[in-house]
Amino acid sequence: DFDGAYAVACLGVTNKDFMNLGLAAHWGMNLEVARKCFIRCRDMKYIDLVADTEEGLKKGEPPFMFRALSLAYQRKFHEAAKEYAEGGRADKAMEMFTDMRMFDEAKVWAEEYAKTHGGGDISLTDFVNRQAEWAEETSDYESAVNMYVQAKKFEKAVALVGKNNWRDKLVEIMRVLDVKDDAKVIQQCAGHFARWGDSSHAKEAYNKLGDHAGLMTLHVQQNQWDDAFALLKQHPEYAEKVHLPYANWLADNDRFDEARVAYRVAGRSEMSTRMLEQLTLNAVLMRRFKDAGYYYWLMSEEAADSLPKDSRALLSDDDEAKLVRFHELKDRSEIYYAYDYVFRAMEEPFSSCLPSTLLNIGQFLLSKFATHDEMPMGISLSYVLITIAKHGEALGAYKLARFAYNKLQSLRIPAAWQAEVDLASVVARSRPNVDGDDLLPLCFRCSTTNPLVSVKGDVCINCGGHFVRSFVTFEHLPMVEFH
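Residues numbered from 1 in each chain as written. Predicted model: local features only at pLDDT ≥ 70, side-chain atom pairs only at ≥ 80, totals over all residues. Heavy atoms only, no water.

## Side note on the overall build of the protein chain
Under the convention used in this document: Per the convention used, a helix needs a DSSP run of H or I reaching at least four residues, while a strand needs a run of E reaching at least two, with both numbered from the N terminus. Three labels apply to residues, based on accessible area from a 1.4 Å probe with only protein chains included: buried if under 20% of the type maximum, exposed if over 50%, partly exposed otherwise in between. Areas reported here follow the Shrake-Rupley algorithm with a probe of radius 1.4 Å; residue values treat only the protein chains shown as occluding.
In terms of regular secondary structure, the protein chain is built from 25 helices and 0 strands. Every one of the 483 residues in the protein chain was classed for burial, and the buried ones make up 41%. Surface summary for the protein chain: the accessible area is close to 26,900 Å², and the carbon and sulfur share equals 51%.

See below:
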């Protein structure tokens, strides 16, 4: 009679007596008396328990669930577990012990639940997963990984292993995974191996998946080009994944000639041209003019290769533009190649070139400059003129030497040269204003004797025929072009 007991208690008992009466009333499901007792004790935890019990009973939940919860509130965990078990809910006992991180007791009740209800693997797996989560929260990552694997939560296990860079452990996990059910996890394993640079185990993972695209990407990322091209022979559909990265790798490793070929194989001729343009600019800035000439020549060859092979074919506007570009690039390659001799003769203490060769080079360069609106980048006109003046005067080309000195005086030249150029100019005026007959070039097409330098360029002043020069001595060769 809980109502009578409560009436007697109101005559004057201790809070402990009210608490015991409230607990007994709750056990007997007299919730009104239980609430009054707990209110007397001002214990919000048990007041909330009564409210939860009322709500649960309305929903049809069995009373033993709340009796067990009351025992748990009193820290009588084993009695609460037995109450759960007698009501056929050993899983709730397992959850209770798991929430309190009492995993040994939780495991016992998980096994008990498995015996009474079957489906033991599911309940034990859930228990182990919760234990693993707790281990992870407490930074016991090694135990967490082992428990995640036991609970078949491979994705979480792999994430932890990858975070801690445990390579050997990841190899063990990867080898027990099933391709059909755990393909995504194996892919993650391969990604971790690739990040660590462990290409052998990454390759094992991709082969286990049968992922040839991923394996190709691995070979490319690890710069394993022999393996990449061997795989490409078996799977030519991945050509785009190999050729362009290979060309970029060659360019990054200063293997520019091979990179140029690789870019063309990859169908990216514009990247080859861009690379050559950058190399040319660098060569000019570093005053490696012979290299600059070589790169311009390579670009002219690429421009020529893009033209129709049939010489009788009509050229489109685009082809006409390519033809103009070809001539421009070829012209610049010849200029930079020739200027390299002049530059080295001026900068180095000794030169292997003969004076006649340097004079021919100077004539050639002046003839080229006459057909250009501006000087090519990096080329010094004063270097060319001083070379012509010195060697022309020594070889008897007095008119050409006087022209060079006069031109030099109109340019801004180094102050150290100024006095020497002024004196040499005066001396040149004392000599006859003619060039030696043996120095004047002869046109082998119309037999006209030409001046050493012409404003028309490196062509005959009479018939307009182009002179063909030897790029060893830069002399005119006795050759005529027929159409």
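## Considering the packing of helix H13 (residues 183-196) against helix H14 (residues 199-209)
What counts is decided by this rule: Angles shown run from 0 to 180 degrees and are taken between the N-to-C directions of axes, each axis being a line fitted to C-alpha atoms and, for helices, limited to the stretch in contact. Between 65 and 115 degrees an angle is taken as roughly perpendicular, under 35 as roughly parallel, over 145 as roughly antiparallel, and anywhere else as oblique. Handedness of a crossing follows from how the near helix is turned relative to the far one, being left-handed for an anticlockwise turn of less than a right angle and right-handed for a clockwise one. What makes two residues a contact is simply this: any of their non-hydrogen atoms within 4.5 Å.
Closest axis-to-axis distance for the H13/H14 pair is 8 Å, and the angle between their directions is 160 degrees. Overall, the two elements H13 and H14 adopt an arrangement that is roughly antiparallel. Crossing of H13 over H14 shows left-handed handedness. On H14, the residues touching Ala183, Ile186, Gln187, Ala190, Phe193 and Ala194 of H13 are His201, Ala202, Ala205, Tyr206, Lys208 and Leu209.

## Looking at the state of the cysteines
Quick reminder of the rule: Two cysteine sulfur atoms form a disulfide, by the criterion used here, when they sit within 2.5 Å.
For the structure on display, the rule yields 0 disulfides. Cys443 forms no disulfide, and the closest cysteine sulfur to it belongs to Cys446, at a distance of 3.6 Å.

## Re the confidence of the model for the protein chain
Rule in force here: Values of pLDDT, ranging from 0 to 100, describe the predictor's confidence in every residue of the model.
Of all residues in the protein chain, 85% attain a pLDDT of 70 or more, and the chain-wide mean is 80. Confidence drops under a pLDDT of 50 for residues 118-122, and excluding neighbours within four residues, the segment shows 2 contacts in the predicted structure.

## Quick notes on the packing of aromatic side chains
Selection rule: Working definition: rings of Phe, Tyr and Trp (its six-membered ring) pair if their centres are within 6.5 Å, and the pair is stacked with planes under 30 degrees apart, edge-to-face with planes over 60 apart, and tilted otherwise.
Under the criterion given, the structure shown has 20 aromatic pairs. Joined through ring pairs, the aromatic side chains of Phe289, Tyr296, Tyr336, Tyr339, Phe343, Tyr383 and Trp417 make up one cluster.

## Topic: the pattern of salt bridges
Basically, it comes down to this: Here, a salt bridge means any Lys or Arg side-chain nitrogen found within 4 Å of an Asp or Glu carboxyl oxygen.
All told, the structure shown has 16 salt bridges when counted by the stated rule. Of the charged contacts, one joins Glu393 and Arg431 as a salt bridge, the two residues approaching to 3.2 Å between their closest N and O atoms. With Glu393 in helix H23 (residues 381-395) and Arg431 in the segment after helix H25 (415-429), the pair connects residues that are 38 residues apart, well separated along the chain. Each of Lys330, Asp331, Glu334 and Lys368 takes part in a single network of salt bridges with overlapping partners.

## Focus: the packing of helix H3 (residues 31-41) against helix H4 (residues 44-58)
Convention followed: Throughout, the ten residues Ala, Val, Leu, Ile, Met, Phe, Trp, Tyr, Cys and Pro are labelled nonpolar, Asp, Glu, Lys and Arg are labelled charged, and all others, Gly among them, are labelled polar.
Remark: H3 packs on H4, axes separated minimally by 9 Å, with the N-to-C direction vectors making an angle of 160 degrees. Viewed along their axes, H3 and H4 adopt a mutual orientation that is roughly antiparallel. The handedness of the crossing between H3 and H4 comes out as left-handed. Of the residues in H4, those in contact with Leu31, Ala34, Arg35, Phe38 and Ile39 of H3 are Tyr46, Ile47, Val50, Thr53, Glu54 and Leu57. Considering only residue class, the contact of H3 with H4 consists of 8 nonpolar, 1 polar and 2 charged.

## Some details on unusual backbone geometry
You will see that Asn223, though not glycine, has its phi angle at about 60 degrees, which is positive. In this fold, Asn223 is placed in the loop between helix H15 (212-221) and helix H16 (225-234). Residue Asn223 is classed as partly exposed on the basis of its relative accessible area of 39%. Positive phi is not limited to glycine here, since Phe474 has a value of about 60 degrees. Position of Phe474 among the secondary structure elements: in the segment after H25.

## A closer look at a nonpolar patch on the surface
Note the cut-off: Patches here: salt-bridge-free residues with over 30% relative accessible area, like charges joined within 9 Å, nonpolar side chains (Val, Leu, Ile, Met, Phe, Trp, Tyr) joined within 5 Å.
A surface patch of nonpolar side chains, about 400 Å² in accessible area, is lined by Leu281, Leu285, Met286 and Met377. Mapped onto the secondary structure, Met286 falls in the loop between helix H19 (269-285) and helix H20 (289-305). With a relative accessible area of 55%, Met286 lands in the exposed category.

## Remarks on the side chain of Ser272
Mapped onto the fold, Ser272 is located in helix H19. What makes Ser272 buried here is its relative accessible area of 0%. Filtering out sequence-adjacent residues up to four positions away, Ser272 remains in contact with Arg260, Tyr263 and Glu302.

## Structural notes on the environment of Met377
Relative to the helices and strands, Met377 is located in the loop between helix H22 (355-369) and H23. For Met377, the contacting residues outside a window of four places in its chain are Leu281, Val284, Leu285 and Tyr336.

## As for the nonpolar core
Operational definition: Residues grouped as a nonpolar core are buried Ala, Val, Leu, Ile, Met, Phe, Trp, Tyr and Cys residues, joined through side-chain atoms within 4.5 Å.
In this structure, Ile173, Phe193, Tyr339, Ile361 and Leu365 are the most contacted members of the largest nonpolar core, which totals 89 residues. If near-sequence neighbours (up to four positions away) are discounted, Tyr339 is found in contact with Phe289, Leu365, Gly378, Ile379, Ser380, Tyr383 and Val384. Of all hydrophobic cores here, the second largest spans 17 residues; its members include Leu23, Ala25, Ala34 and Leu49.

## Things to note about the side chain of Arg469
As a reminder, the rule being used: The definition of a polar contact used here is a pair of N or O atoms within 3.5 Å, where within protein one atom must be able to donate a hydrogen and the other to accept one, and adjacent residues in sequence count solely through side-chain atom pairs.
For Arg469, the location among the structural elements is in the segment after H25. Judged by relative accessible area, Arg469 falls into the buried class, the value being 9%. Within polar-contact distance, the side chain of Arg469 engages the side chain of Asp458 at 2.9 Å. Side-chain polar atoms of Arg469 contact the side chain of His476, separated by 3.1 Å. With residues up to four places along the chain from it excluded, the contact list for Arg469 reads Asn360, Gln363, Phe364, Asp458, Phe474, Glu475, His476 and Leu477.

## Examining H23
So the rule is basically this: To estimate how far a helix should extend, the number of its residues minus one is multiplied by 1.5 Å.
The terminal C-alpha atoms of H23 lie 21 Å apart, and with 15 residues this matches the ideal 21 Å at 1.5 Å per residue to within 8%. Considered for burial, the residues of H23 that qualify are Ser382, Tyr383, Val384, Leu385, Ile386, Thr387, Ile388, Ala389, Gly392 and Glu393. Looking at the residues trailing H23, positive phi occurs at Gly396, about 100 degrees.

## Overview of the environment of Leu315
Relative to the elements of secondary structure, Leu315 occurs in the loop between H20 and helix H21 (317-347). Since its relative accessible area comes to 35%, Leu315 is described here as partly exposed. Not counting residues up to four positions away in its chain, the partners in contact with Leu315 are Pro308, Glu320 and Leu323.

## As for the environment of Phe154
Here Phe154 is to be found in helix H11 (residues 154-164). For Phe154, a relative accessible area of 11% translates into the label buried. Along the sequence, Phe154 and Val176 sit 22 residues apart, while their C-alpha atoms lie 10.0 Å from each other. Not counting residues within four places of it along the chain, the set of residues in contact with Phe154 comprises Tyr148, Val149, Ile173, Leu177, Asp182 and Val185.

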